[in-house]
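Observations on the model geometry
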Amino acid sequence: MAQERQLAEVRFVTVAEVASLMRVSKMTVYRLVHSGELPAVRVGRSFRVPESAVHDYLRASFVDTA
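Presented here is a report on the structure given in the accompanying data block. Quick caveat: nothing in here was measured; it's all calculated off a predicted structure. (Residues numbered from 1 in each chain as written. Predicted model: local features only at pLDDT ≥ 70, side-chain atom pairs only at ≥ 80, totals over all residues. Heavy atoms only, no water.)

1. Some points on the nonpolar core
Within the largest apolar cluster, 14 residues are counted, with the highest numbers of intra-cluster contacts made by Val-18, Met-22, Val-29, Val-33, Leu-38, Val-49 and Val-54. Sort the elements by how many residues they give to this core and helix α2 (residues 15-22) lands first, with four residues. (Core = buried A, V, L, I, M, F, W, Y, C linked by side-chain atoms within 4.5 Å. Buried < 20%, exposed > 50% of the residue type's maximum accessible area, 1.4 Å probe, protein only. Helix = DSSP H or I, 4+ residues; strand = E, 2+ residues; numbered from the N terminus.)

2. Thoughts on the sheet that holds strand β2 (residues 41-43)
In space, the three strands of this open sheet follow the order β1-β3-β2, with antiparallel pairing throughout. Two strands bound the open sheet, and with one partner strand each, they are β1 (12-14) and β2. Shown here is a sheet whose adjacent strand axes are inclined to one another by a mean of 40 degrees, direction ignored. Relative to strand β3 (residues 46-50), β2 runs antiparallel, the two being bridged by three bridges. Bridged to Arg-42 within β3 is Phe-47. Packed onto the sheet, α2 meets β1 and β3 and runs at close to 85 degrees relative to β1. (Pairing = 2+ DSSP bridges. Axes fitted to C-alpha atoms, helices over the stretch in contact; angles between N-to-C directions. Contact = heavy atoms within 4.5 Å.)

These results come straight from atomic positions and should not be treated as a statement about function.
Set out below in structure tokens:
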């Protein structure tokens, strides 16, 4: 029951939305998904990415240049 509630609260975004959010091409997002760097769920012929996974990926990839 708790797991179902957590899954219901997950917000999924499309590859195009991820690309827009990250300011990269859709092909870059597909490469990240296929390499396993960005988790995704396949729905039919398309992918959906948990929004939290995008934020986690960006947080982990942040480079401090100072």
